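In case you want the letters, here they are:
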Amino acid sequence: MRLGDYLQADQPAVEPQEEAAELSVSVQAKERLRQLLYQETSSQRLAQLAALDREHASREIGALIQQLMAAGDFRQLGPAQRQRLCDELVDMIVGLGPLEPLLADDSVTEIMVNGPGSVFFERDGALHPARECFDSEEQLRLVVDRVVSPLGRRVDEQQPIVNARLPQGHRVNVVIPPVSLVGTALTIRKFRSSSFSLEELVQMGSMTEPMAQLLAWAVRSRKNIAVCGGTGGGKTTLLNALSSQIPAGERVVTIEDAAELRFDTHPHVVRLEARMANAEGRGEVSIRDLVVNALRMRPDRIIVGECRSAEALDMLQAMCTGHDGSLTSLHAGSPEEAVSRLVMMVRYGMDLPAELIREQIFSAVDVFVQQDRGSDGQRRVTQIAVRSGALDGGFPYRAAVSWQRQEGDYRWELAPAWVDALPLDGVASEEEVCAWKQQLQLP
């Protein structure tokens, strides 16, 4: 559907917000202004403006709309109503339409569109219906195209599922018919402009100070760490916080399907992002391709945003061949399940015996961090499992600390053996290690 046709299309009325009824804009005024905008400006010109950067396009389109209102019969609208009408039309042309207020709300962590007439958002771990929705499937598809086109990705019947990101770094997933039976389904996972630190996660109740200290020591002492958990559990947030502990003198290479990791202060980071095939089926660059290539880039640390398939084999090999301190994440309900999933993913790339793969995993991964979201919406680290014991056919990881749901508190079981070596590595002093153990009453 052309932009001009959409601008002329009839749209259902939108109920005004109860707390701001005086700012509601009449449907008639909105429709009349839309028609004037189309009459005075060609669809090609509007498309050119939409292709500009958001600030420039908003300024030009906003000025044009204000001129149309000044010249037309809009005297019944007050200043606040005019401004709201202008903002809605600007958002429709250069932004994400009714999703813009939700994107601007820092308290909203996820936006879910289940077809044009159904929009939900997550706040404080709970789902809420949004008052604004899309007027039509065509408007929703225009928004989707506006997201994926600048990234060189496409979404159509041949490629009905696509992952992308917004310029702010928010993660986007799109599923369109015929795969989606409710119309276009759009999911946006929002991330802060700056990543959370371990200290902030402690303040939010995601972990305790001793746990944050242990994880910081693990990163600085170059332990290989895998963060596991379910969808929406906070794996990427925790991975970002762990990454912030990497010393500034090290070269970091990050590999992601859609770039989400943030390095606000680290001076030496190379960010790589996978690429889907084009319409001719060419040009694909997979996560595995990037992991293999990263080994030739002289990395001190390799961070794979999420292991999903055969790239797990190359990630484990990197961990075992001199790239200590690497980080990754994967979907799993526990460290035991994470090992089983890694075995399965490695076999996608090479048909090796399961026992051999398990030995590779046990040699490569030093720490598993389980991150989950509770029924109350609280995201927290529920277990830190460290390698403890020989590879004798059993499961060599033990929980150093785990969340006790019935008690509503953490229980410490042991201190990793490598903690005693931290003073020798220059990561922590003997006094800091002793004070940490005494606080937890660990031997």
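Here the structure is a predicted model, which is why all the values come from computation and not from measurement.

Each strand in a sheet pairs with another by means of backbone hydrogen bonds, the pair being arranged parallel or else antiparallel. Judged by pairing direction, the sheet is mixed, and its nine strands sit side by side in the order E9-E8-E10-E11-E7-E12-E13-E14-E15 without closing on themselves. Among the strands making up the open sheet, the edge pair consists of strand E9 (269-273) and strand E15 (409-412). In this sheet, adjacent strand axes meet at a mean angle of 20° when their direction is disregarded. Packed onto the sheet, helix H10 (residues 235-243) meets strand E7 (225-229), strand E10 (301-304), strand E11 (327-331), strand E12 (367-373) and strand E13 (379-387) and runs at close to 170° relative to E11.

Our focus in this paragraph is the sheet that holds strand E4 (residues 161-165). With respect to topology, six strands assemble into an open sheet ordered E3-E2-E1-E6-E5-E4, the strand pairing being antiparallel. Lying at the two open borders of the sheet, with one neighbouring strand each, are strand E3 (126-129) and E4. Put simply, the sheet's adjacent strands are angled 20° from each other on average, direction ignored. Across four bridges, the pairing between strand E2 (residues 119-123) and E3 is antiparallel. Bridging across to E3, phenylalanine 120 finds its partner in proline 129.

Here the focus is the pairing of strand E1 (residues 108-114). E1 sits mainly inside the fold: five of its seven residues count as buried. Where E1 lies against E2, five bridges are found, and the strand directions are antiparallel. Opposite isoleucine 111, over in E2, you have phenylalanine 121 as the bridge partner. Where E1 folds back on E2, the antiparallel hairpin that results is connected by four residues, among which glycine 115 adopts a positive phi of roughly 90°.

The next thing to look at is helix H11 (residues 287-294). Residues of H11 that are buried include every one of Ile287, Leu290, Val291 and Ala294, and no others. Summarising the axial view, the buried residues of H11 lie within an arc of 100°, below the 170-degree limit, and thus occupy one face. Residues of H11 that are buried sit in contact with strand E8 (252-256), E9, E10 and helix H12 (311-320).

This next bit is on the packing of aromatic side chains. What the rule picks out here adds up to seven aromatic pairs. Pairing phenylalanine 362 with tyrosine 397 gives two aromatic rings, centres 5.7 Å apart and planes at 65°, and the pair type is edge-to-face. Pair noted here: phenylalanine 362 is in helix H14 (residues 354-364) and tyrosine 397 is in strand E14 (residues 397-404), with a separation of 35 residues, a long-range link. Given a relative accessible area of 5%, phenylalanine 362 falls into the buried group. Measuring from ring centre to ring centre gives 4.9 Å for tryptophan 403 and tyrosine 410, while their planes differ by 70°; the resulting arrangement is edge-to-face. By relative accessible area, which is 24% here, tryptophan 403 ends up partly exposed. Residue tyrosine 410 is classed as buried on the basis of its relative accessible area, which comes to 12%. Pairwise contacts between aromatic rings join Phe362, Phe368, Phe395 and Tyr397 into one cluster. When the ring centre of tryptophan 403 is taken as reference, the NZ or CZ atom of arginine 380 above it lies at 4.1 Å.

This paragraph deals with the packing of H11 against H12. In a packed pair of helices, the relevant descriptors are the angle between the two axes and the axis-to-axis distance. Viewed as axis vectors pointing N to C, H11 and H12 meet at an angle of 20°, and their least axial separation amounts to 8 Å. Looking at the two axes, H11 sits roughly parallel to H12. In the packing of H11 onto H12, the handedness of the crossing is left-handed. In this structure, H11 uses Ile287, Arg288, Val291 and Val292 to contact H12, whose residues at the interface are Glu311, Leu313, Asp314 and Met315. Residues of the contact of H11 with H12, tallied by class, amount to five nonpolar, no polar and three charged.

Okay, empty space enclosed by the protein next. If you walk through the whole model with that rule in mind, you get one cavity of 30 Å³ or more. Reported here for the largest cavity is a volume of approximately 40 Å³. Lining the largest cavity are Ala226, Cys307, Met315, Leu316, Met319, Thr328, Leu330, Leu342 and Val365. Broken down by secondary-structure element, the contributors of at least two residues to the lining of the largest cavity are H12 and E11. A per-class count over the lining of the largest cavity returns eight nonpolar, one polar and no charged.

This part covers the pairing of strand E5 (residues 171-175). Look at any regular strand and the pattern is simple: side chains alternate between the two faces of the sheet. Relative to E5, E4 runs antiparallel, the two being bridged by five bridges. Within E5, the position partnered with arginine 165 by the bridge is arginine 171. Between the antiparallel neighbours E4 and E5 lie five residues, among them glycine 169 with a positive phi of about 100°. Two elements, E5 and strand E6 (residues 185-189), share five bridges in a ladder whose sense is antiparallel. Of the residues in E6, the one forming a bridge with valine 175 is alanine 185.

General note: in soluble globular proteins, nonpolar side chains tend to be found buried as a group. Residues Met207 and Ile384 are the most contacted members of the largest nonpolar core, which totals 44 residues. In terms of residues, this core owes the most to one element, helix H9 (residues 209-220), which gives eight residues. Beyond its immediate sequence surroundings of up to four residues, methionine 207 is in contact with Leu198, Leu201, Val202, Ala212, Leu215, Leu238, Val381 and Tyr410. Of all hydrophobic cores here, the second largest spans 36 residues; its members include Leu313, Leu316, Leu330 and Val365.

The next subject is the side chain of serine 180. Following the sequence through the fold, serine 180 ends up in the loop between E5 and E6. Here glycine 183 takes part through its backbone oxygen, which lies 2.5 Å from a polar atom of the side chain of serine 180. Look past the residues within four positions of serine 180 in its chain and what remains in contact with it is Val175 and Ala185.

Because each turn of an α-helix spans 3.6 residues, side chains separated by three or four positions in sequence point in the same direction. Taking 1.5 Å per residue as the helical rise, H9 with its twelve residues ought to reach 16 Å, and the 16 Å between its terminal C-alpha atoms agrees with that figure. Within H9, nine of the twelve residues are buried, which leaves the element mostly enclosed by the surrounding structure. Here H9 has its buried residues at Pro210, Met211, Ala212, Leu214, Leu215, Ala216, Trp217, Ala218 and Val219. The positive-phi residue at the C-terminal boundary of H9 is arginine 222, with phi of around 65°.

Calculation criteria
- As a convention, each chain's residues are numbered from 1 in the sequence order in which they are written.
- Confidence filtering applies because this is a predicted model: local features only for residues at pLDDT of at least 70, side-chain atom pairs given and counted only at 80 or more, and all residues used for totals across whole chains, interfaces and linings.
- In computing side-chain properties, one takes all heavy atoms of the structure into account and sets aside hydrogens as well as water.
- Note on pairing: two strands pair once DSSP finds at least 2 bridges between them.
- Elements are defined by DSSP. Helices are runs of H or I of four residues or more, strands are runs of E of two residues or more, and each kind is numbered from the N terminus.
- Interaxial angles span 0 to 180 degrees and are taken between N-to-C directions of axes, which are lines fitted to C-alpha atoms, for helices over the stretch in contact.
- We call two residues in contact whenever any of their non-hydrogen atoms come within 4.5 Å of each other.
- Only protein chains enter the accessibility calculation, which uses a 1.4 Å probe. A residue is then buried if its area is under 20% of the maximum for its type, exposed if over 50%, and partly exposed in between.
- Here the arc refers to the directions that run from the helix axis out to each C-beta atom.
- Put simply, two rings from Phe, Tyr or Trp (the six-membered ring, in Trp's case) pair if the centres are within 6.5 Å, and we call them stacked under 30 degrees between planes, edge-to-face over 60, tilted for the rest.
- Note on criteria: charge over ring means Lys NZ or Arg CZ within 6 Å of the ring centre, with the direction from the centre no more than 35 degrees off the ring normal.
- When an angle is under 35 degrees it counts as roughly parallel; over 145 it counts as roughly antiparallel; between 65 and 115 it counts as roughly perpendicular; any other value is oblique.
- The sense of a crossing depends on the near helix, which, turned anticlockwise from the far helix by less than a right angle, makes the crossing left-handed and, turned clockwise, makes it right-handed.
- Ten residue types, Ala, Val, Leu, Ile, Met, Phe, Trp, Tyr, Cys and Pro, are classed as nonpolar, four, Asp, Glu, Lys and Arg, as charged, and the remainder, Gly among them, as polar.
- In this analysis, the protein atoms alone were mapped onto a 1 Å grid. Cavities are point sets where a 1.4 Å probe fits without being able to get out; pockets are open sets with protein on both sides within 12 Å along at least five of seven lines; lining residues have an atom within 4 Å of a point.
- Grid points are joined across faces, edges and corners, and a volume is the space filled by probe spheres set on the points.
- For the purposes of this section, nonpolar cores are sets of buried Ala, Val, Leu, Ile, Met, Phe, Trp, Tyr and Cys residues that join through side-chain atoms within 4.5 Å.
- Counted as a polar contact is a pair of N or O atoms within 3.5 Å, where, for protein atoms, one must be capable of donating a hydrogen and the other of accepting one, and residues adjacent in sequence contribute only when both atoms are in side chains.
- One less than the residue count of a helix, multiplied by 1.5 Å, gives the span that helix is expected to have.

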